[in-house]
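# Coordinates in review
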Amino acid sequence: MDIFYGSTRGNQERVSASEAILQGLAKDGGLFVPDRLPVFDRTAKEFAKMNYQDTAYEVMKLLLTDFTEEELKDCIQKAYDEKFDTPSIAPVRKVGESYYLELFHGKTVAFKDMALSILPHLMTTAAKKNHVKNEIVILTATSGDTGKAALEGFADVEGTRILVFYPKNGVSAIQERQMVTQKGKNTRVIGIHGNFDDAQTGVKQLFADAELAAWMRERGYQFSSANSINIGRLVPQIVYYVYAYAQLLREHEIASGEGINVVVPTGNFGNILAAYYAKNMGLPIRKLLCASNDNKVLYDFFATGIYDKNRDFVLTTSPSMDILVSSNLERLIYRIAGEDAQKNAALMQSLGREGKYAVTGEMEKQLSDFYGNYATQAECAAKIRNLYESFGYVIDTHTAVAAAVYDKYRQETADETKTVIVSTASPFKFTKSVMAAIDKKYRDEEDFALADELAKIGKMQIPPAIARIRTAPVVHDIQCGKDEMKEAVKEFLLQ
Ligand SMILES: *Cc1c(COP(=O)(O)O)cnc(C)c1O
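Computed from a predicted model, the values in this text were never measured in an experiment.

## Considerations on the pairing of strand β9 (residues 260-265)
Of all the 6 residues making up β9, 6 are buried; the element is thus mostly covered by neighbouring parts of the structure. Neither face of β9 is open: one carries I260, V262 and V264, the other N261, V263 and P265, and all of them are buried. Of the strand pairs in this sheet, β9 and strand β10 (residues 285-292) are connected by 5 bridges, and their pairing is parallel. In the sheet register, V264 faces β10, and the bridge partner there is C290. With helix α12 (residues 270-280) bridging β9 and the parallel β10, this β-α-β connection has right-handed handedness.

## Describing the sheet that holds strand β5 (residues 135-141)
Taking strand neighbours across the sheet as the criterion, the 5 strands line up as β8-β5-β6-β7-β15 in an open arrangement whose pairing is parallel. Sheet topology places β8 (221-224) and β15 (478-481) at the edges, where each strand pairs with a single neighbour. Here the strands of the sheet are splayed against their neighbours by 30 degrees on average, with no regard to which way each runs. Bridge analysis of strand β6 (residues 160-167) against strand β7 (residues 187-193) gives 6 bridges, and the strand direction is parallel. In the sheet register, P167 faces β7, and the bridge partner there is I192. Of the strands in this sheet, β5, β6, β7 and β8 touch helix α9 (residues 196-207), which is tilted by about 150 degrees from β5.

## Quick word on the sheet that holds strand β4 (residues 98-102)
Ordered by their spatial adjacency, 6 strands build an open sheet running β3-β4-β14-β9-β10-β13, and the pairing between neighbours is mixed. Of all strands in the sheet, those with a lone pairing partner are β3 (92-95) and β13 (370-374), marking the two edges. Direction aside, neighbouring strands of the sheet carry axes that sit 25 degrees apart on average. Contacting β4, β9, β10, β13 and β14 (419-423), helix α18 (residues 397-413) runs over the sheet at an angle of about 115 degrees to β13.

## Quick look at the site of the ligand
Near the ligand there are 15 residues, and of these K112, D145, G267, N268 and T424 occur at the shortest range. Between an oxygen atom of the ligand and a main-chain N or O atom of N271, the distance comes to 2.8 Å. Taking T424, its side chain carries an N or O atom lying 2.8 Å from a nitrogen atom of the ligand. When the ligand is considered free in solution it has 380 Å² of accessible area, and contact with the protein chains removes 97% of it. Of the residues that constitute the shell around the ligand, the class distribution is 5 nonpolar, 8 polar and 2 charged.

## Topic: unusual backbone geometry
With a phi close to 70 degrees, I89 is a non-glycine residue in the positive phi region. Note that I89 resides in the loop between α4 (69-79) and β3. Among the residues examined, I89 registers a relative accessible area of 1% and is labelled buried. Phi angles above zero are rare outside glycine, and F269 is one such case at about 70 degrees. Along the chain, the position of F269 falls in the loop between β9 and α12.

## Brief notes about the domain arrangement of the protein
Many descriptions give the size of an interface as the accessible area lost when the pieces come together. Taken domain by domain, the protein holds domain 1 (5-87 + 112-229 + 477-493) and domain 2 (92-110 + 232-469). Taken over C-alpha atoms, the centre of domain 1 sits 21 Å from the centre of domain 2. Of the residues lining the interface, 66 residues belong to domain 1; the matching set on domain 2 comes to 57 residues. Here domain 1 meets domain 2 over a buried area of about 5500 Å², counting both sides, of which 62% is carbon and sulfur. It is L37, I174 and S228 that lose the most area in domain 1 upon contact with domain 2, and together they represent 12% of the buried surface on that side. Connecting domain 1 to domain 2 are 2 salt bridges. Taking the shortest distance from any N to any O, the salt bridge between K107 and E152 comes out at 3.3 Å. On the surface where domain 1 and domain 2 come into contact, there are 24 residue pairs in polar contact (both at pLDDT 80 or more).

Reading guide: rules and limits
Residues numbered from 1 in each chain as written. Predicted model: local features only at pLDDT ≥ 70, side-chain atom pairs only at ≥ 80, totals over all residues. Heavy atoms only, no water. Buried < 20%, exposed > 50% of the residue type's maximum accessible area, 1.4 Å probe, protein only. Helix = DSSP H or I, 4+ residues; strand = E, 2+ residues; numbered from the N terminus. Pairing = 2+ DSSP bridges. Right-handed = clockwise from strand over helix to strand, strands pointing away. Axes fitted to C-alpha atoms, helices over the stretch in contact; angles between N-to-C directions. Contact = heavy atoms within 4.5 Å. Near = heavy atom within 4 Å. Polar contact = N/O pair within 3.5 Å; in protein donor to acceptor, adjacent residues only side chain to side chain. Areas by Shrake-Rupley, 256 points an atom, 1.4 Å probe, with all protein chains shown as cover. Nonpolar A, V, L, I, M, F, W, Y, C, P; charged D, E, K, R; others polar. Domains from an automatic or database assignment. Buried area = accessible area lost by both parts, 1.4 Å probe. Salt bridge = Lys/Arg side-chain N within 4 Å of Asp/Glu carboxyl O.

Structure follows, in structure tokens:
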């Protein structure tokens, strides 16, 4: 049966998966959600025999129902190939008693590659299916990782252009260098004077700007979004939870049907929402542990039922999680509101107006699948050092948030359930913070010098993605104020 997508905010729009992917956001500013979550039609035992690509097909076909088998398989083959440095694509590593699901084996060495490798192919396929003649303009706000992964995904993809805004002083040196060296004649990267939320708010306003939309139409352009609100990002992220479970089963780490927990280092709430969808589609996940850094809006939300972004924004060593407005949470709110779009829209209006909202007691009860906690920068550093000293395994600062939160959870609950810690970036992407955590003597060295040292002490190879940008020329050297983003878009499109 076909799945259709509607808005979390209640207009009567009802679109196919391919239309939702093209459009990004619903017309009323809401997010697209499937009209139901189908149940997996393969057993865990069957999944355990599949490779990543076959798993991806079996999962994605359930939600992207207007893509043909041929179209979907073609997108999957183009996305999950030798760009990844392991044929397993998303391997699970057992370290001590924990399992690390490594989602950083793609082109930009962070988990955003998992979805952004396939999104451009889903999008161009969707454009063909819907007879779109306009050039598709991807506009993205990034806290560091999305931008680069989207640039890599869309660079030189016919019929598309991509413009990325990042907070000039809010990303790591390596993240910035990855972006400003991006090749591709259809790409542009701009640093804005502001933080990630400014960039994201600015991009949302541009998407909603009727004057700009008309200006673009006249010139044969239309926007789409590669941000994690796009269901073309969300759906591919469900795949690796299924695949991780299947690997544990195949390796006899768990018995058939045995429940697992997952710990997800969370920013925009996209990754953990995919785990929640996987659970609702039948994957035996017990607890979803939502791990935050010092920007602990989500921890407070799970503790009190009040979402409140009115607080200082903290720049941490896990910059991809420095977020005060977790956009994808809206899809969870919609669901626990009983899919009542009016109720959700009222809360989101309150968020827009006052920067906060409170869910009802009835809604709060439905959050019992989740556990929220946070880890300070010092706790993360201690965890990185401790894992390295005990097992020689080096994790990045984002994964460390999850690992530290998992330790707190174990202490609080003594829950022995087998647990998958979602590992979202290679330590080579955040070398400076990682090495300073391992030994203070590295504190004042530069990122790139430290990459060599990390390779040595961790007995690893520097990923090609990092090695390459050391000498690559800077090709994007543009900055703008947060009020100048619209002009920047027009200027890019007039070229
Ligand atoms: C984006 C990102 C996150 C946060 O993921 P969300 O889906 O936004 O919650 C965590 N870690 C890294 C390394 C990331 O790039």
